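What follows is the residue order along each chain.
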Amino acid sequence: MKLSALNAVKSGSNLTALLLIGVGLFSLLAAAVAWYGASSGSRAVSAAESEAQDYVRQARDRLAAVQQRLASPIVQSAAVDLLEESDDPARALADLLISDGLTGITRIRIAPPALEDWSVDQGEDYVALDMLLEARRSGAAPAELRAAGAGGTFLLFAQRLQNNDQTEALVLVEMTADSLTSGWREPDFANYMSLGQDRGGGWLQVWSQGQPPGSSPERLPIGDSRLELRWFQSRPLPLFSAAQVGGLAGVGLLMLVGGVLLRKRALAQQEPVSAGPSREGEGPQTLRKTSAAAGVTSERIEPRIELEGSSSAEPLPRDDVVTQPEPATPTPDIKPEAPHESLSLADSDSGLSL
């Protein structure tokens, strides 16, 4: 009864240990899968963001190159001379900028510092007017986009022309927007990317790749302009948060360690396999059964003592039995000694014989 209860306890301990090990391994596997999914989504988003920043850097450098050419002392001095000498200073300035390496120019407008002759005929002219006012105050205005209906979208630059710290004129340079995105290709990581400007609640777009997302995209401003780059990268919804993944992994590790320790303890408590009963104290009957099972026969050896002059020898009774496994040592034959010769003492005088 006690042995059955002990075996039941040991079996229950082994089952519990195996259950803890299994659940622990499953928890660690689930935590690893969740962590891999979350890290994969994070890597994809990081790659898309890095790619978007690279496009922003290219656009900023191209815009800065135009602004630097317009503000260079050489262009400033030549433009002031053209204002005095040329019958069409705007056309002459355009030729000068194109020869300086600035391509994509579609139109140049020159206005006096007071802007008294500037006419406003349509809504986009208000944008240009604001840019000229900003250029008169600070020397240059941030680049903006201008929609030209079916003609496409153009870039606008406003620059102040001055001579000896005196403002001589204000210049508005119009360029094709394609010159800003020349050589751009489809992004490798971002699902959606668009370059443009938020104008009056609408999106005035210059370049776009991918389908606009249903949610709000990320935005990166383009330095020294009012343009921005919008981008979006889809990411899988995480199964667990970072704290939940850590907790799941910790619980799984504890259960795994606990199961292993419980399993080792259960194995240590098991009884060793018995090697059989001791052979000490085995009686003749036990030895006889053992020998018979092993195919060994035994015989009874009875010592014999033969007396001189006796024709037969009587075995001595013994209480113990001694068994010998076959092949038994042959019992030596005890041969009767030869009869002693009679010693005769002859006395010639007495005639006695012994």
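Along each chain, residue indices are assigned from 1 in the same order as the chain's sequence is written. With the structure being a predicted model, the display of local features is reserved for residues of pLDDT at least 70 and the display and counting of side-chain atom pairs for 80 or more, all residues being used for whole-chain, interface and lining totals. Water and hydrogen atoms were dropped before computing side-chain values, which therefore reflect all heavy atoms in the structure.

Participant: So what about the overall build of the chain? Which residues, and what values?
Facilitator: In DSSP terms, a helix is any run of H or I states spanning at least four residues, a strand is any run of E spanning at least two, and both are numbered starting from the N terminus. Within the chain one finds 6 helices and 10 strands. Whether two residues are in contact is decided by their heavy atoms: any pair within 4.5 Å suffices. Contacts spanning at least 24 positions in sequence make up 58% of the contacts within the chain whose residues lie at least 6 apart. We get accessible surface area from the Shrake-Rupley algorithm with a probe of 1.4 Å; when it comes to residues, only the shown protein chains can shield them. Total accessible area on the chain stands at roughly 23,200 Å², and carbon and sulfur atoms take up 55% of it.

Participant: How would you sum up the pattern of salt bridges? Please name residues and give values.
Facilitator: The salt bridge criterion pairs a side-chain nitrogen of Lys or Arg with a carboxyl oxygen of Asp or Glu, the two atoms within 4 Å. The full count for this structure, using the stated rule, is 10 salt bridges. For the salt bridge of Arg219 with Glu228, the shortest nitrogen-to-oxygen distance reads 3.6 Å. Put simply, Glu144, Arg199 and Arg226 are held in one network by salt bridges that share partners.

Participant: Report on the packing of helix α2 (residues 73-85) against helix α3 (residues 89-99), specifying residues and quantitative values.
Facilitator: Axis definition: a line fitted to C-alpha atoms, limited for helices to the stretch in contact. Angles are taken between N-to-C directions and run from 0 to 180 degrees. α3 packs onto α2 with a crossing angle of 155 degrees between their chain directions and a minimal axis gap of 9 Å. If you check the angle between α2 and α3, you find them roughly antiparallel. The hand of the α2/α3 crossing is right-handed. Here Val75, Ala78, Ala79, Leu82 and Leu83 of α2 lie close against α3, whose contacting residues are Pro89, Ala92, Leu93, Leu96 and Leu97. The residue classification treats Ala, Val, Leu, Ile, Met, Phe, Trp, Tyr, Cys and Pro as nonpolar and Asp, Glu, Lys and Arg as charged. All others, Gly included, are polar. Per-class residue counts for the contact of α2 with α3 are 10 nonpolar, no polar and no charged. To sort the angles, those under 35 degrees are grouped as roughly parallel, those over 145 as roughly antiparallel, those from 65 to 115 as roughly perpendicular, and the leftovers as oblique. It is the rotation of the near helix from the far one that decides the hand of a crossing: anticlockwise by less than a right angle makes it left-handed, clockwise makes it right-handed.

Participant: Can you tell me about the side chain of Ser225, naming the residues and giving the values?
Facilitator: On the secondary structure map, Ser225 appears in the loop between β7 (218-221) and β8 (228-232). A distance of 2.9 Å separates a polar atom in the side chain of Ser225 from the backbone oxygen of Ile222. Here a polar contact means two N or O atoms within 3.5 Å. Within protein one must be a hydrogen donor candidate and the other an acceptor candidate, and residues neighboring in sequence count only if both atoms are side-chain atoms.

Participant: If you had to explain the pairing of β8 to someone new, which residues and values would you point to?
Facilitator: Remark: exposure states derive from per-residue accessible area (1.4 Å probe, protein chains only) relative to the maximum for the residue type, with buried under 20%, exposed over 50%, and partly exposed in between. When you tally the buried positions in β8, you get 4 out of 5 residues, the bulk of the element. Hairpin connection from β7 to β8: 6 residues lie between these consecutive antiparallel strands, with Asp224 at a positive phi of about 60 degrees. Strands pair, by our definition, only if DSSP identifies at least two bridges between them.

Participant: Lay out the pairing of β7 with the relevant residues and their values.
Facilitator: Looking at chain direction, β7 and β8 are connected through 4 bridges and run antiparallel. Note on β8: the bridge partner recorded for Leu220 is Leu229.

Participant: Talk me through α2; I want residue IDs and the actual numbers.
Facilitator: Each full turn of the α-helix corresponds to 3.6 residues, which orients residues three or four apart in the same direction. The terminal C-alpha atoms of α2, which comprises 13 residues, lie 18 Å apart, in line with the 18 Å expected from a rise of 1.5 Å per residue. Taken residue by residue, α2 has Val75, Gln76, Ala79, Val80 and Leu82 as its buried positions. The buried side chains of α2 occupy one side of the element, clustering within an arc of 160 degrees when seen end-on. Residues of α2 that are exposed and point over 90 degrees away from its buried face: Pro73, Ile74, Glu84 and Glu85. By this rule the span expected of a helix is its residue count minus one, scaled by 1.5 Å. Starting at the helix axis, one direction is taken to each C-beta atom, and the arc is that of these directions.

Participant: Describe the sheet that holds strand β6 (residues 202-209), listing the residues and the values that go with them.
Facilitator: Two modes of strand pairing occur in sheets, parallel and antiparallel, and in both the strands are linked by backbone hydrogen bonds. Spatially, the 4 strands line up as an open sheet ordered β6-β5-β8-β7, and their pairing is antiparallel. If you trace the sheet from one side to the other, it starts and ends with β6 and β7, each paired once. The mean angle between the axes of side-by-side strands here comes to 30 degrees, regardless of whether they run parallel or antiparallel. As judged from the 5 bridges shared by strand β5 (residues 192-199) and β8, these two strands associate in the antiparallel manner. Residue Tyr192 lies in a different strand from β8, and its bridge partner there is Phe232.

Participant: Before we move on, could you go through the environment of Met255 and cite the residues and values that matter?
Facilitator: Mapped onto the elements, Met255 comes out in helix α5 (residues 242-268). C-alpha separation for the pair Met255 and Leu28, spaced 227 residues apart in sequence, amounts to 9.9 Å. Among residues more than four places away in sequence, those in contact with Met255 are Leu20, Ile21, Val23 and Gly24.

Participant: Describe the nonpolar core, with residues and values.
Facilitator: Each nonpolar core is a collection of buried residues, namely Ala, Val, Leu, Ile, Met, Phe, Trp, Tyr and Cys, held together in the definition by side-chain atoms within 4.5 Å. Among the nonpolar cores identified, the biggest contains 43 residues, and Ile108 and Phe157 are the most heavily contacted of them. Each residue touching Ile108, except ones within four places of it in the same chain, is listed here: Ala90, Leu93, Ala94, Leu97, Val171, Leu172 and Val173.

Participant: Just give me the short version of the packing of aromatic side chains, but keep the residues and values in it.
Facilitator: Classification of ring pairs uses Phe, Tyr and Trp, with its six-membered ring standing for Trp, and accepts pairs whose centres are within 6.5 Å; under 30 degrees between planes counts as stacked, over 60 as edge-to-face, and the remaining range as tilted. Applying the stated criterion across every chain yields a total of 3 aromatic pairs. Plain terms: the ring middles of Tyr55 and Trp207 are 5.5 Å apart, the flat faces sit at 20 degrees to each other, and that makes the pair stacked. One end of the pair, Tyr55, is in helix α1 (residues 2-71); the other, Trp207, is in strand β6, and 152 residues separate them in sequence. Summarising the burial analysis for this pair, Tyr55 and Trp207 share the class buried. An angle of 85 degrees between the planes, with centres 5.0 Å apart, marks the rings of Trp184 and Trp207 as edge-to-face. One end of the pair, Trp184, is in the loop between β4 (166-176) and β5; the other, Trp207, is in strand β6, and 23 residues separate them in sequence. Judged by its relative accessible area of 9%, Trp207 is buried. Taken together, the ring pairs connect Tyr55, Trp184 and Trp207 into an aromatic cluster. Only lysine NZ and arginine CZ atoms are considered, and such an atom sits over a ring when it is within 6 Å of the ring centre and within 35 degrees of the ring normal. Directly above the ring of Trp203 sits Arg230, whose terminal nitrogen or CZ lies 3.7 Å from the centroid.

Participant: Any chance you could break down unusual backbone geometry for me, citing the residues and the numbers?
Facilitator: Leaving glycine out, the prevailing phi sign among residues is negative, and the prevailing peptide bond configuration is trans. Here Asn164, not a glycine, exhibits a phi torsion of approximately 55 degrees, which is positive. If you trace the backbone, Asn164 turns up in the loop between β3 (153-163) and β4. Positioned with a positive phi, Asp165 is a non-glycine residue whose angle comes to about 60 degrees. Within the secondary structure, Asp165 is located in the loop between β3 and β4.

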